[in-house]
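Spelled out, the chains give:
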Amino acid sequence: MTHITLWTVGAFLLALAPLAGFGFANDRWIAAAREWPISGRLALPAVCVVPYLLVAVPLHQLRIEWLLLYLLLPIAIAALLAFAARLDPQQRGHWLDFLVLFTLGLAVDLRWFEPAWPHSLTALNKLLLLDAGLYGFHAVRQLNGVGFDLRWCKSDWKIGLREFLLYTPIAILLGLAIGFLHWRGHIDRPWLLPGMWLFTYLFIALPEEIFFRGWMQNLFERRTGRSASLAITAILFGLSHFNKRAVHFNWRYVLLASIAGIFYGRAWRSERRIAASSITHACVDTVWGALLR
């Protein structure tokens, strides 16, 4: 059963607004947040509850526990990151930063909050958690060096495609050898590939790259250095795929995703731009989906 109505379209548009706002006008959004008193700045992310209401109320599925979750969790994230900003003004990476990151990451990977949504609309949960992180890390924590910009430049494509080409032979040879990938030999409806790539870029690669590279690798780098942060983040990225395409621990996916994370991390840190690593990520996922699954 589908649940696409004007209400759900409105919910998706509202959930995408922070992504577009910080992606196209990051500095202006941060400057606007500075104008608010601290109480208003911490209360503002409560608007994350509105997409949930737009879906749940018309479907008569409103539950008080989910209402409180989407109302209070974004406020709690903003408050924790406000404390981190005060305790760690040099942005070396505070334990509160990592507490927020691992909470958001586990909530997505373990699908803690997906029962709040009809099955066809669970993507809204991921978007709302991303929104809470965007607001907390950008508007409240004002974390620098993230490199989130939805406007592509030539270097994004140069770096992104370079890392894709470096990773591809490794992924294909290893993936076929361990039985994770299976060569299909043809592409069904090749005219759909550009649309598949764009969808993958916007709704899979971009959110994951913001989280793993812009926030996680960025913060680990301040604590452990460039090489260690690249390896740690790649391993954690791989582990986040442990329950994908399998009932039990999918070690093949974890291995391939961890290696991919090295190349995504290299793409991001070349010029510290999310767009570059997202291009690599989207190319990998699109090729896997079209030719190798």
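Residues numbered from 1 in each chain as written. Predicted model: local features only at pLDDT ≥ 70, side-chain atom pairs only at ≥ 80, totals over all residues. Heavy atoms only, no water.

J.: Could you give an account of unusual backbone geometry, with specific residues and numbers?
T.: Phi at His-60 is positive, roughly 60°, even though this residue is not glycine. Mapped onto the fold, His-60 is located in the loop between α3 (49-56) and α4 (64-87). Take His-60: its relative accessible area is 74%, and that puts it in the exposed class. Within the chain, Arg-272 stands out as a residue other than glycine whose phi angle is a positive 55°. Relative accessible area serves as the criterion here: at 26%, Arg-272 is assigned to the partly exposed category. (Helix = DSSP H or I, 4+ residues; strand = E, 2+ residues; numbered from the N terminus. Buried < 20%, exposed > 50% of the residue type's maximum accessible area, 1.4 Å probe, protein only.)

J.: Which residues make up the layout of surface pockets, and what values go with them?
T.: Here the largest pocket defines a volume of roughly 1,300 Å³. Taken together, 45 residues form the lining of the largest pocket, with Val-108, Asp-109, Lys-126, Glu-208 and Lys-244 sitting closest to its centre. Among the secondary structure elements, those contributing two or more residues to the lining of the largest pocket are α5 (95-109), α6 (123-140), α8 (193-224), α9 (226-239), α10 (251-271) and α11 (274-292). Among the elements that line the lining of the largest pocket, the one with the most residues is α8, at nine residues. For the lining of the largest pocket, the per-class residue count stands at 29 nonpolar, seven polar and nine charged. Here the second largest pocket defines a volume of roughly 380 Å³. Residue lining of the second largest pocket: 20 residues in total, with Pro-18, Trp-29, Leu-44, Val-47 and Tyr-135 positioned closest to the centre. With eight residues, helix α1 (residues 6-34) is the largest single contributor of residues to the lining of the second largest pocket. Here the lining of the second largest pocket is built from residues that sort into 19 nonpolar, no polar and one charged. (1 Å grid on protein atoms, 1.4 Å probe; cavity = no way out; pocket = protein on both sides within 12 Å on 5 of 7 lines; lining within 4 Å. Points joined across faces, edges and corners; volume = space filled by probe spheres on them. Nonpolar A, V, L, I, M, F, W, Y, C, P; charged D, E, K, R; others polar.)

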